[in-house]
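Structural description and commentary
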Amino acid sequence: MPPPVFRFAPSPNGYLHLGHAFSALLNSDLAREAGGRLLLRIEDIDPTRCRVEFETAIYEDLAWLGIFWETPVRRQSEHFDAYREAVERLTAQGLLYPSFESRTEIARLVAEREKAGPWPRDPDGAPLYPGAARSLPAPERQRLIEAGTPYALRLDMAAARARAKHLAWTEQGEGPAGEHGTVPARPEAWGDVILARKETPTSYHLSVVIDDALQGVTDIVRGQDLFWSTSVHRLLQELLGIAPPAYRHHRLIRDSDGQKLSKSTKATALRELRAGGARPADIRRLVGLS
Ligand code: GLU
C-alpha cells in the first residue's frame, strides 16, 4: 500500500491564526502517525485578496511550529490550465451555463423573491442563485459574451444531480451536528454554484477537487466550516471520474465569545503570539493538542 497523503491548504489572504495552527498540526500529526506524506498547497486563485507577503508568512509560521512539508509547494495560481480543462469537460457534458447578473442585480432579485416568503440559503447562509440564466436563449448568451459582459459559469445542479443520484462520503471526523460515518451528500443545498468566472477560470470548489486528485491526496483533514462543501466536492468528483478521498472534519477553534477566528484578528495570529513570547509547545496546548 502506498503511504497515505495528507495536505494543508491555506489561502494567503491574511496571517495564520490558532485555527490554522490546529489544522496544520493535526494534519502533520496524523501523517506522521500513519507513516504518510504531508503536502502544503497555497490556494491563491483570488488575486484581489491574496498577497505574497502572506504566503511568505505561512512558510515562516509553519516552519516555526515544527511542521515539515514536501516541496515543491503547489500554488493554484500556476495551474489555471488544469482548471480550464475541467471546466471544458463539464461544459462538454452540458452541465455549465453562464449567468450575467451583477451582485447588485442578484441582491435585487433575492429581495423580490423574498416578498413571497423566505428565499432558500446555502449552508454558509448565502441566498441560492435566484436568476433564470439557465434558460437564456443561446443567441442572447452569445451576444452578451461578445459584448464583453462579465459572467459566472454555474453548475446546472438539477442536471448534475440527475447524473449522480447516490452520493455520500466517509466521514472519519465529525460534522457540525455530530455527523459521522457514511454521510449522504446534499449538493442541491448550494443551488447552481459558481464553478468559474470570466476573469478566473476556477473557484474554490473546482480547484480543491482537481488539486486533491492531481496530488493524490487520500486523506482530507480540514475544519468543520467546510463540512457541507464536501457535498459539492463529491458531486464534482463523480462528474469528473475522480475517486473520493477519506474526509475528517475537525472542530473549529473559537475566540472567547465563541466566534470563528478571523484572519484580521491580531489576538490569535501566530506571529503576534510568537512576538509575545509563545513557544510552539504553547500553541499546541492552546489548541488542545498534547
Ligand atoms: N483554502 C481553504 C481555506 O483556507 C481550505 C481548503 C480545504 O481545506 O479544502 O479555508
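Residues numbered from 1 in each chain as written. Predicted model: local features only at pLDDT ≥ 70, side-chain atom pairs only at ≥ 80, totals over all residues. Heavy atoms only, no water.

Let's talk about the overall build of the protein chain
For clarity, the threshold we go by: Numbering of helices and strands starts at the N terminus; helices are DSSP runs of H or I of at least 4 residues and strands are runs of E of at least 2. Based on C-alpha atoms, the radius of gyration is set beside the globule rule, defined as 2.2 Å times the residue count to the power 0.38. Relative accessibility thresholds used throughout: buried, under 20% of the residue-type maximum; exposed, over 50%; partly exposed, between the two (1.4 Å probe, protein chains only). Per-residue and other accessible areas were derived by the Shrake-Rupley procedure at a 1.4 Å probe size, with only the shown protein chains allowed to occlude residues. Counting rule for charge: Lys and Arg are taken as positive, Asp and Glu as negative, and neither His nor the chain ends is counted. Charged groups are reduced to one reference atom each: NZ for lysine, CZ for arginine, CG for aspartic acid, CD for glutamic acid.
A tally of regular secondary structure across the protein chain gives ten helices and ten strands. A compact globule built from 290 residues would reach a C-alpha radius of gyration of about 19 Å, and the protein chain, at 20 Å, matches this within 12%. Going through the 290 residues of the protein chain one by one, you find that 47% of them count as buried. Here the protein chain displays about 14,600 Å² of accessible surface, and carbon together with sulfur accounts for 53% of that area. For the protein chain, the distance from the average position of its 38 positive side-chain charges to the average position of its 38 negative side-chain charges is 1 Å.

Some words on the sheet that holds strand β8 (residues 194-197)
Hydrogen bonding along the main chain pairs the strands of a sheet, whether they run parallel or antiparallel. Which entries qualify depends on this criterion: Strand pairing requires that DSSP identify at least two bridges connecting the strands. All axes here are fitted lines through C-alpha atoms, helices being fitted over the stretch that makes contact, and every angle between N-to-C directions spans 0 to 180 degrees.
An order of β4-β5-β8 is seen for the three strands of this open sheet, with the pairing classed as antiparallel. The open sheet is flanked by β4 (96-99) and β8, the only strands paired with a single partner. In this sheet, neighbouring strand axes are inclined to one another by 30 degrees on average, regardless of whether the strands run parallel or antiparallel. Bridge analysis of strand β5 (residues 152-155) against β8 gives three bridges, and the strand direction is antiparallel. Note on β8: the bridge partner recorded for Leu153 is Ala196.

Brief notes about the site of the ligand
The cut-off we apply is this: The cutoff for a nearby residue is simple: one of its non-hydrogen atoms must lie within 4 Å of the molecule or strand. Here a polar contact means two N or O atoms within 3.5 Å. Within protein one must be a hydrogen donor candidate and the other an acceptor candidate, and residues neighboring in sequence count only if both atoms are side-chain atoms. The nonpolar class holds Ala, Val, Leu, Ile, Met, Phe, Trp, Tyr, Cys and Pro. Asp, Glu, Lys and Arg form the charged class, and all remaining residues, Gly among them, are polar.
Residues in close proximity to the ligand include Arg7, Ala9, Pro10, Ser11, Glu43, Tyr204, Val208, Arg222 and Leu226, which together make up its full environment. Within the side chain of Arg7, one N or O atom sits 2.7 Å away from an oxygen atom of the ligand. In the model, an oxygen atom of the ligand is placed 3.0 Å from a nitrogen or oxygen of the Tyr204 side chain. Within the complex, the protein chains bury 79% of what would otherwise be the 300 Å² of accessible surface of the ligand. Looking at the shell around the ligand residue by residue, the classes come out as five nonpolar, one polar and three charged.

Focus on unusual backbone geometry
Keep in mind that most residues, glycine aside, have a negative phi and that most peptide bonds are trans. Pro72 follows Thr71 through a cis peptide bond whose omega is 0 degrees. Following the sequence through the fold, Pro72 ends up in the loop between α2 (52-65) and β3 (74-75).

A look at the pairing of β5
Regular strands have side chains that alternate between both faces of the sheet. Here β5 shows a buried face lined by Ala152 and Arg154 and a second buried face lined by Leu153 and Leu155. Inspection of the sheet shows β4 paired to β5 by four bridges, in the antiparallel sense. If you follow Ser99 over to β5, its bridge partner there is Ala152.

Some remarks on the packing of aromatic side chains
In plain terms, the rule: Whether two aromatic rings pair depends on their centres lying within 6.5 Å, for rings of Phe, Tyr and Trp, where Trp uses its six-membered ring; planes under 30 degrees apart make the pair stacked, over 60 edge-to-face, and the rest tilted. Counting as a charge over the ring demands two things of the Lys NZ or Arg CZ atom: a distance within 6 Å of the ring centre and an angle within 35 degrees of the ring normal.
For the structure shown, the criterion picks out nine aromatic pairs. On the basis of an interplanar angle of 55 degrees and a centroid distance of 6.2 Å, the ring pair of Phe80 and Tyr83 is categorised as tilted. Of this pair, Phe80 and Tyr83 are both found in helix α3 (residues 80-92), three residues apart, which corresponds to roughly one turn of the helix. Between Tyr97 and Tyr129 the ring centres are 6.5 Å apart and the planes differ by 45 degrees, which places this aromatic pair in the tilted class. Taken as a pair, Tyr97 in strand β4 and Tyr129 in the loop between α4 (103-114) and α5 (138-146) lie far apart in primary sequence, 32 residues in all. The residues Tyr97 and Tyr129 share a single accessibility class, namely buried. Aromatic rings pair up to connect Trp169, Phe227, Trp228 and Tyr247 into one cluster. The positively charged end of Arg113 is found above the aromatic ring belonging to Trp119, 5.6 Å away from the centroid. It is Arg251 that lies over the ring of Phe22; its NZ or CZ is 4.3 Å from the centre.

Quick word on the nonpolar core
Stated formally: Grouping buried Ala, Val, Leu, Ile, Met, Phe, Trp, Tyr and Cys residues that are joined through side-chain atoms within 4.5 Å yields what is termed a nonpolar core. The criterion used for residue contact is that any of the two residues' heavy atoms lie within 4.5 Å.
Counting 38 residues, the largest nonpolar core has Leu90, Leu155, Leu206 and Leu235 as the members making the most contacts within it. Contributing elements (two or more residues each) for this core: α3, β5, α6 (157-163), β8, α7 (204-214) and α8 (229-240). Once residues within four sequence positions are removed from consideration, Leu206 is found in contact with Tyr83, Ala86, Val87, Leu90, Leu195, Pro201, Leu236 and Leu240. Grouped together as the second largest cluster of nonpolar side chains are 28 residues, Leu16, Ala24, Ile67 and Ile283 included.

What to know about the environment of Arg274
Looking at the secondary structure, you find Arg274 in helix α9 (residues 270-275). The exposure class assigned to Arg274 is partly exposed, which follows from its relative accessible area of 27%. As a C-alpha pair, Arg274 and Trp64 span 210 residues in sequence and 9.1 Å in three-dimensional space. Leaving out residues up to four positions away in the same chain, Arg274 has contacts with Glu60, Asp61 and Trp64.

What to know about the side chain of Arg41
Residue position: Arg41 is located in strand β2 (residues 37-42). Other than its neighbours up to four places away in sequence, Arg41 contacts Arg7, Phe8, Ala9, Pro10, Val73, Arg74, Gln76, Val208, Asp211, Asp212 and Gln215.

Quick look at the environment of Gly36
Relative to the assigned elements, Gly36 resides in the loop between α1 (18-33) and β2. Each C-alpha atom, one on Gly36 and one on Val5, is 5.7 Å from the other, the two residues being 31 residues apart in sequence.

Remember that the coordinates give geometry; whether it matters functionally is a separate question.
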